[in-house]
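An overview of the molecular structure
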Amino acid sequence: MPTPAQEAANTHTSPERLKELWLHSPKLGIIVASNENAPAELLQELSVSEDELIRQAVCSNPNTPTDILFKLGEEFPQELFDNPVFSLLLLENPNLIEDIPESTLVSLLKSPSIPDSYLQWAIQSKRASILFAVVMNPKINKDDLQKLINNSQFYWWSQQISNITKLHVNWSSEMRSGWEEAALSVVRKQQIFKDTIRNELLSEFSLWQMGVIPESFITALDPDILLQIAQHPDTPGHILQTLLKNRKTATKKFRIAIANNLSTPAHILEKLADDKNITVRQNAFLNPQMPDAVFQRYQKHEASNENSQTPVTTDSDLSIETLLQIIEINQEENYYESSHYIEKLCRKITLDLDISDKYLIRCALIDNIDLKIALARHPKTPISILETFFQSSSFRLRTLVPQNPNFPANLLIKLLKDKNWKTRKTGVLALHKNPSVRSSHETLEKFWQHWEMAQNVETPAETLLELAQSQWVLIREAVALNPKTAMIVYKTKKKAKSTDKTNIPATLIEKLLLDKNPVVRVAVAKNPNTPINILEQLANNIFYRHPIHIAAVKNLLQRHPERAAIYIENCTKDSPEPSFSRFFVLIHPFISSKMLAKHFRSSSWLERYAIATNPNTPVYIRQRLAEDANRIVRAAAKSYLSK
């Protein structure tokens, strides 16, 4: 009696029995799909199988309906060529090429098995996807490559076709060395015109935040993404310095963004304080991280320069009273002349620590940001002025004012409770800068003590349990970030239902995961000791561009990169076309071989290069890439095969 496998392979087995065998044992799917007696209806069902080998077998089966063949031909072009039905279709219809779906035709044109007549037809095409496919064919000769360039010169893709064509192995000789430098130079310089690749800004920024994109590739990112990096509170100081040193990102817009960033270190702000652009300087001086001493030193330096360049008989020695009178008279009628005297007034009030309140009050009535910065930083500025500035429409001024030692305690408490994280951070910076302010107010001193305890890994578990119930979001966030928190058992005091066990234990980190404030939940995702299963839960259940998802995947990537790979791949699941974001995913060493296999026919030579150099790339794919039309991809694949 024949075995089920023998029945599945037998061409005399009835269609009904073949389907029965497949349904009973899915493992027989490949054998059934290869059986030339399999009915068209069954082959159609098998064509959408998740098993790649089954789909491949269906594409090779001469009994497969033409429309299914063409659909599968996109994924298995060689199997379509080798299917005897394809030759018959060509004989029946000489214009068959025009009936083949474009996506499948693109795959066929990349294959060395494509008939020359098809290539000649494609060279005359006016469709970019067709022409890019032709350039990927390793058998096209130099003369035909030149025709491609000539035929494309009046279209938007002309530069790309020209650049990609000149990397063809038949245009130039094969590369023996320098292939890595050639590829990475294109990436770092973001020369997308040398490939079919494009930018996906949201995905790229998410991948950067997760830590997928190496810091060495920062200059490869789009300027809009780099600007977001310059503004982001989690961007480390050395990256901000890199942006300031790079010619592409050292522009006024970037310098202002870095000056505005509440996380910019003081030493970088100090450099920006000497910036040649007044707007950059203003924003740096508005940053609460900028030390008052630097502001005072700047004003003293400017005053010194003015005195050394100004004759004694001019207005360099005008008194504060005189300056105020001139400004009050001319401010509305002659703005530019007033601004000249306002600069002098700023220097005088900054350097005069014993200035009278009456002058400070009059200065506060003048609508000038430089003057307001000087007043906000002056240790004698009256509370009434600070309160007025705190109501300003300028968020930057509102973040600076609380740093003043005279800022009211009741308003500081309001800051610490604010819904906006930037505003809360401003309050913390103020308490850190002015310990005398917090020590003179019971609520502020208690907050500060609790906040420091919440961050301390030596704090007893019982104390952290109590602090996790704090009314202050900042304290709960600090507890959620504390590495010790993940190891603390939390016991609920609620009475359990009859079906539950009483006092079911859970970790404190799980309790904080239920916090109503998303900032606390992000902190849980960032905690270096948060259990892997919780990180995977967050990564699975939250939208992949959400801060919680990003924090969870970044944490996973740092601790268990092999388990983070699936979430990294999901960042580009909506990328139907080649993109820089997908390039960075494909080059990552923990990406699955399944994804690498899915994209090795990409029209982007950069993506194929990434696959050729990835340690997880299967040997058979690397062997295919060793015959790639692109000389850089081919050289990379050959080099890795020889290792």
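Residues numbered from 1 in each chain as written. Predicted model: local features only at pLDDT ≥ 70, side-chain atom pairs only at ≥ 80, totals over all residues. Heavy atoms only, no water.

Focus: the environment of D292
To keep it simple, the criterion reads: Numbered from the N terminus, helices here are DSSP runs of H or I no shorter than four residues, and strands are runs of E no shorter than two. Buried residues are those whose accessible area, probed at 1.4 Å on protein chains only, stays under 20% of the maximum for their type, while exposed residues exceed 50% and partly exposed ones sit between those limits. What makes two residues a contact is simply this: any of their non-hydrogen atoms within 4.5 Å. In the analysis that follows, any N or O atom pair within 3.5 Å is treated as a polar contact, provided that within protein one partner can donate a hydrogen and the other can accept it, and provided that, for residues neighboring in sequence, both atoms belong to side chains.
In this structure, D292 sits in helix α21 (residues 292–309). Given a relative accessible area of 19%, D292 falls into the buried group. For the pair formed by D292 and R377, sequence separation is 85 residues and the distance between their alpha carbons is 6.6 Å. Sequence-distant contacts of D292, defined by excluding residues within four places in its chain, comprise R377 and K433. Polar side-chain contacts of D292 include one of 2.6 Å to the side chain of R377.

Details of empty space enclosed by the protein
Selection rule: A cavity here means a set of 1 Å grid points, computed over protein atoms only, where a 1.4 Å probe fits but cannot escape. A pocket is an open set with protein on both sides within 12 Å along at least 5 of 7 lines, and lining residues have an atom within 4 Å of a point. Grid points are joined across faces, edges and corners, and a volume is the space filled by probe spheres set on the points.
For the coordinates displayed, the defined rule picks out three cavities of 30 Å³ or more. Taken as a whole, the largest cavity holds about 70 Å³ of empty space. Contributing to the lining of the largest cavity are F132, V135, M136, I164, H168, T196, S603, W605, R608, A629 and N630. For the lining of the largest cavity, the secondary-structure elements that each account for two or more residues are α11 (128–135) and α41 (605–613).

Notes on the packing of aromatic side chains
Using the following cut-off: We call Phe, Tyr and Trp rings a pair once their centres come within 6.5 Å, taking the six-membered ring for Trp, and we label the pair stacked below 30 degrees between planes, edge-to-face above 60, and tilted otherwise. Each ring is checked for a lysine NZ or an arginine CZ that lies within 6 Å of its centre and within 35 degrees of its normal; such an atom marks a charge sitting over the ring.
By the definition in use, this model includes 14 aromatic pairs. Summarising the aromatic geometry, the rings of F81 and F86 are spaced 5.6 Å apart at their centres and angled 85° between planes, so their arrangement reads as edge-to-face. With respect to class, F81 is no different from F86; both count as buried. Connected via pairs of aromatic rings, a cluster forms that spans F217, F580, F583 and F584. Above the face of the Y640 ring, K643 is positioned so that its terminal group lies 4.0 Å from the ring centre.

Focus on helix α24 (residues 357–364)
Under the convention used in this document: The arc in question is the one traced by the directions running from the helix axis out to the C-beta atoms.
Those residues of α24 not exposed but buried are Y359, L360 and C363. Along the axis of α24, the buried positions cluster into a sector of 100°, meaning they face one direction only.

What about the layout of surface pockets?
Using the following cut-off: Under the scheme applied here, ten amino acids are nonpolar (Ala, Val, Leu, Ile, Met, Phe, Trp, Tyr, Cys and Pro), four are charged (Asp, Glu, Lys and Arg), and all others, including Gly, are polar.
Here the largest pocket defines a volume of roughly 1,700 Å³. Every residue lining the largest pocket is counted, 49 residues in all, and those nearest its centre are E74, E75, K598, H599 and R601. Among the elements of the structure, α5 (52–60), α6 (66–73), α7 (77–82), α9 (102–109), α11, α38 (561–570), α40 (593–599) and α42 (619–625) are those that each provide at least two residues to the lining of the largest pocket. Looking at the lining of the largest pocket, the element that brings in the most residues is α40, giving five residues. Of the residues assigned to the lining of the largest pocket, the class counts are 15 nonpolar, 16 polar and 18 charged. Lining of the second largest pocket is provided by 39 residues; of these, H232, P233, D234, V522 and K526 occupy positions nearest its centre. Of all the elements in the fold, those that place two or more residues in the lining of the second largest pocket are α15 (201–210), α29 (421–433), α31 (442–455), α33 (473–481), α35 (518–526) and α37 (547–559).

Structural notes on the confidence of the model for the protein chain
Put simply, the rule is: Confidence of the predictor at the level of single residues is captured by pLDDT, which takes values from 0 to 100.
For the protein chain, per-residue confidence averages 90 on the pLDDT scale, and 95% of positions sit at 70 or higher. No element of the protein chain has a lower mean pLDDT than strand β2 (residues 505–507), at 70, and none a higher one than α33, at 97. Note on residues 498–503: pLDDT under 50 across the span, and three contacts to partners over four residues away in sequence or across chains.

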